[in-house]
Structures are given as C-alpha cells and as structure tokens.
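Take a look at the letters that make up each chain.
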Amino acid sequence: MLGSVPIGVNYIFVVHMTKLVIFDLDGTLLDTLKDLADACNHALEMCGCPHRTLDEYRHLIGGGVTKLLRHALPSEKQSDEMVQKMRSYFLPYYRENICVSTRPYDGIEGLLETLSDAGVKLAIASNKFQTGTETLAENLLGRFEFIKVLGQREGCPVKPDPQIIRDVMTEIPDLKPEEVVYCGDSDVDMMTGHNAGIRSIGVSWGFRGKEELQACNPWIVVDSPAEIADAILK
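The shown structure was predicted, so the numbers you read here are calculated from the model rather than taken from an experiment. (Residues numbered from 1 in each chain as written. Predicted model: local features only at pLDDT ≥ 70, side-chain atom pairs only at ≥ 80, totals over all residues. Heavy atoms only, no water.)

1. Topic: the overall build of the protein chain
Then, in step 1: Counting its regular elements, the protein chain contains 11 helices and eight strands.
Then, in step 2: Relative to the 2.2 N^0.38 estimate, which gives 17 Å for 234 residues, the radius of gyration of the protein chain is 18 Å and therefore close to what a compact globule would have.
Then, in step 3: For the protein chain, the spread of C-alpha atoms along the three principal axes comes to 60 × 35 × 30 Å.
Then, in step 4: A fraction of 66% describes how many contacts in the protein chain between residues 6 or more apart in sequence connect residues 24 or more apart.
Then, in step 5: By element, 50% of the accessible surface of the protein chain is carried by carbon and sulfur atoms, the whole surface being about 10500 Å².
Then, in step 6: Charge-centre separation for the protein chain: the mean point of 23 positive side chains lies 3 Å from the mean point of 34 negative side chains. (Helix = DSSP H or I, 4+ residues; strand = E, 2+ residues; numbered from the N terminus. Rg over C-alpha atoms; globule rule 2.2 N^0.38 Å. Contact = heavy atoms within 4.5 Å. Areas by Shrake-Rupley, 256 points an atom, 1.4 Å probe, with all protein chains shown as cover. Lys, Arg positive; Asp, Glu negative; His and termini not counted. Charge placed at Lys NZ, Arg CZ, Asp CG, Glu CD.)

The structure is reproduced here in structure tokens:
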C-alpha cells in the first residue's frame, strides 16, 4: 500500500517522482484554532449554550462546519434545527473575523517556497467551506501558486471521501497516484490519503497529535515543515 512505503531504496525512488503536494488547511498550513473557536463560542452563546475550550476544539475541527457545530452543542441539543441556528450565527461572525488570530505555522512559507522552487506543484484540499478556504489562501498564502484550492462544496462529499483529492489531481494531465502526496494533521486526512491511493504525511504541529496520526499508518509523520521538503526532495 502506498501509505506504508518503507524507508529505503523504494522510499528514495518514490520521493523523486513527487510532482504534486496537496495540503490540508486548518492545522496543517494555518493555525486557525482560535478564530474558529471564537466564532463557534459566539454561536453557542447566541443559542444559550456554554462555551467550549480551545483543547476541546482541537478534536472538534476537521470534519467541516456542520460536524463542528453539531458536536460543539450539548448532546441533548444536537438537532438539525439547532445546527442551522448555530450556522446562522457562526458563518457571519467567522467571515468577519477569519484572519484575526490565524497565521501560517512557523516554517510553512519556507516549505512552500522550497517546493515551488523545485518544480513541485502545490494544492489545498480542506473540509472548510469553499469561500473560507479561498479567503485564507488568498490573504495569508497569496504569494504562492496553488494549482487548485478546494474546500467543502455543495454536493461534494467531505473528507475522508477521496473525491476532493481526485478533483485536484485532474489539474495535471497523466498524473499517477504515486506522484502525489497529501499532508494533514488528523486521522481524517490520513484516511483521505489512503482512500485516494496516495501517500500521506502526518504533521504533528496541528490540532491532534502523533498517536492519532501513526494509528492511521501514514507514509511518515513529521515534526516540522522542513522535514516535508527533506522527505520529498532528497
């Protein structure tokens, strides 16, 4: 299985073939935790519900807006009607405050520059709603060229369904799965890579942790953006 390629001769052969690196957004390229938490806590407050902590949000983020809002609610209030009410408060607040605290993680801009200079194509595939994904990519990573920036779209399944990865891969003619790497910070991202038949790199600086990532049998788990470049380009 591509996601479990061993270190060694095969590893070196595969990394030299990498033509495209697709990144998750929240928890991988950008630290969006506080802005998402603030927006969700605003929605909870407007609905008469208690706030969640930052640590709780680390485990709530990653499945898209609907899952975030539903799981942030107290268990006895997780109805479709309540989720829609939460959404009516969450989205306007988050759109207005999407870049208050959100920043690229240390080393991310250097990684993207290194990969671009080496001729590796870049893309984003996120469960964040499409306009939010585009806004953050443009405002905080706009100097880099991404061949595709995809978020959650109407009628398209969310990760770990691999459709979003396949949609990105169509941008490069004759691209093979072994020429693609997907980088993310959660079990959802690792499963997405496996479901798409491509290698997955788990990043330990995001919202989850190494234990969750390693349980999903990624290609590798890294502790810094520089390690991604080393693995792909050496």
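That was the structure; now back to the text.
2. Here's the deal with the confidence of the model for the protein chain
In low-pLDDT regions, the fine details of the predicted coordinates are not to be read closely.
Then, in step 1: Mean pLDDT over the protein chain: 93, with 93% of residues reaching 70 or higher.
Then, in step 2: Here residues 1–15 is a poorly scored stretch, pLDDT under 50, and it has 29 contacts once near neighbours within four places are set aside; other chains count. (pLDDT = per-residue confidence, 0-100.)

3. What about the pattern of salt bridges?
Then, in step 1: Summed over all chains, the structure comprises 15 salt bridges.
Then, in step 2: Of the charged contacts, one joins K159 and D189 as a salt bridge, the two residues approaching to 2.8 Å between their closest N and O atoms. Note that K159 is positioned in the loop between strand 5 (146–152) and helix 8 (163–169) and D189 in helix 9 (residues 187–196), a separation of 30 residues in sequence.
Then, in step 3: Look at K159 and you get buried, because its relative accessible area is 2%. (Salt bridge = Lys/Arg side-chain N within 4 Å of Asp/Glu carboxyl O. Buried < 20%, exposed > 50% of the residue type's maximum accessible area, 1.4 Å probe, protein only.)

4. Focus on the layout of surface pockets
Then, in step 1: The volume enclosed by the largest pocket comes to roughly 170 Å³.
Then, in step 2: Every residue along the wall of the largest pocket is listed here: V65, T66, R87, L91, F129, Q152, R153, E154 and G155.
Then, in step 3: If you list the elements that add at least two residues to the lining of the largest pocket, you get helix 4 (65–72) and helix 5 (80–96).
Then, in step 4: A breakdown of the residues in the lining of the largest pocket according to their chemical character gives three nonpolar, three polar and three charged. (1 Å grid on protein atoms, 1.4 Å probe; cavity = no way out; pocket = protein on both sides within 12 Å on 5 of 7 lines; lining within 4 Å. Points joined across faces, edges and corners; volume = space filled by probe spheres on them. Nonpolar A, V, L, I, M, F, W, Y, C, P; charged D, E, K, R; others polar.)

5. Some words on helix 5
Helical geometry note: an α-helix holds 3.6 residues per turn, so side chains three or four residues apart project in the same direction.
Then, in step 1: The terminal C-alpha atoms of helix 5, which comprises 17 residues, lie 25 Å apart, in line with the 24 Å expected from a rise of 1.5 Å per residue.
Then, in step 2: Those residues of helix 5 that fall on the buried side of the exposure criterion are M82, V83, M86, F90, L91 and Y94.
Then, in step 3: Contact partners of the buried residues in helix 5: helix 2 (33–46), helix 4, strand 4 (121–129) and helix 7 (130–141). (Expected span 1.5 Å × (residues − 1).)

6. Quick notes on helix 11 (residues 225–233)
Then, in step 1: Buried residues of helix 11: P225, I228, A229, A231 and I232, and no others. Projected onto a plane normal to the axis of helix 11, the buried residues spread over an arc of 165° and lie on a single side. (Arc of directions from axis to C-beta.)

7. Some words on the sheet that holds strand 4
Then, in step 1: With respect to topology, six strands assemble into an open sheet ordered 5-4-1-6-7-8, the strand pairing being parallel. Of all strands in the sheet, those with a lone pairing partner are strand 5 and strand 8 (220–222), marking the two edges. On average, each strand axis in the sheet is inclined to that of its neighbour by 20°, with strand direction left out of account.
Then, in step 2: Strands in contact with helix 9 are strand 4, strand 6 (180–184) and strand 7 (199–203); relative to strand 7, the strand with the most contacts, it is inclined by about 170°. (Pairing = 2+ DSSP bridges. Axes fitted to C-alpha atoms, helices over the stretch in contact; angles between N-to-C directions.)

8. Some remarks on the pairing of strand 4
Then, in step 1: Within strand 4, eight of the nine residues are buried, leaving the element largely enclosed by the surrounding structure.
Then, in step 2: When strand 1 (residues 20–23) meets strand 4, the two strands line up parallel, connected through four bridges. Looking across to strand 4, one finds that V21 is bridged to L122.
Then, in step 3: Where strand 4 and strand 5 come together, five bridges link them in parallel fashion. Bridging across to strand 5, L122 finds its partner in F146.
Then, in step 4: Following the chain from strand 4 across helix 7 to the adjacent parallel strand 5, one finds a crossover that is right-handed. (Right-handed = clockwise from strand over helix to strand, strands pointing away.)

9. Description of empty space enclosed by the protein
Then, in step 1: For the coordinates displayed, the defined rule picks out two cavities of 30 Å³ or more.
Then, in step 2: As a volume, the largest cavity reaches approximately 210 Å³.
Then, in step 3: If you trace the largest cavity, you find 21 residues lining it, with D26, I61, G62, G64 and K128 closest to the centre.
Then, in step 4: Broken down by secondary-structure element, the contributors of at least two residues to the lining of the largest cavity are helix 4 and strand 4.
Then, in step 5: The element best represented in the lining of the largest cavity is strand 4, accounting for four residues.
Then, in step 6: Looking at side-chain class alone, the lining of the largest cavity contains eight nonpolar, six polar and seven charged residues.
Then, in step 7: Size it by volume and the second largest cavity reaches roughly 40 Å³.
Then, in step 8: What lines the second largest cavity is simply S126, N127, G151, Q152, R153, C156, P157, V158, K159 and I164.
Then, in step 9: Those elements that place two or more of their residues in the lining of the second largest cavity are strand 4 and strand 5.
Then, in step 10: Broken down by class, the residue content of the lining of the second largest cavity amounts to four nonpolar, four polar and two charged.

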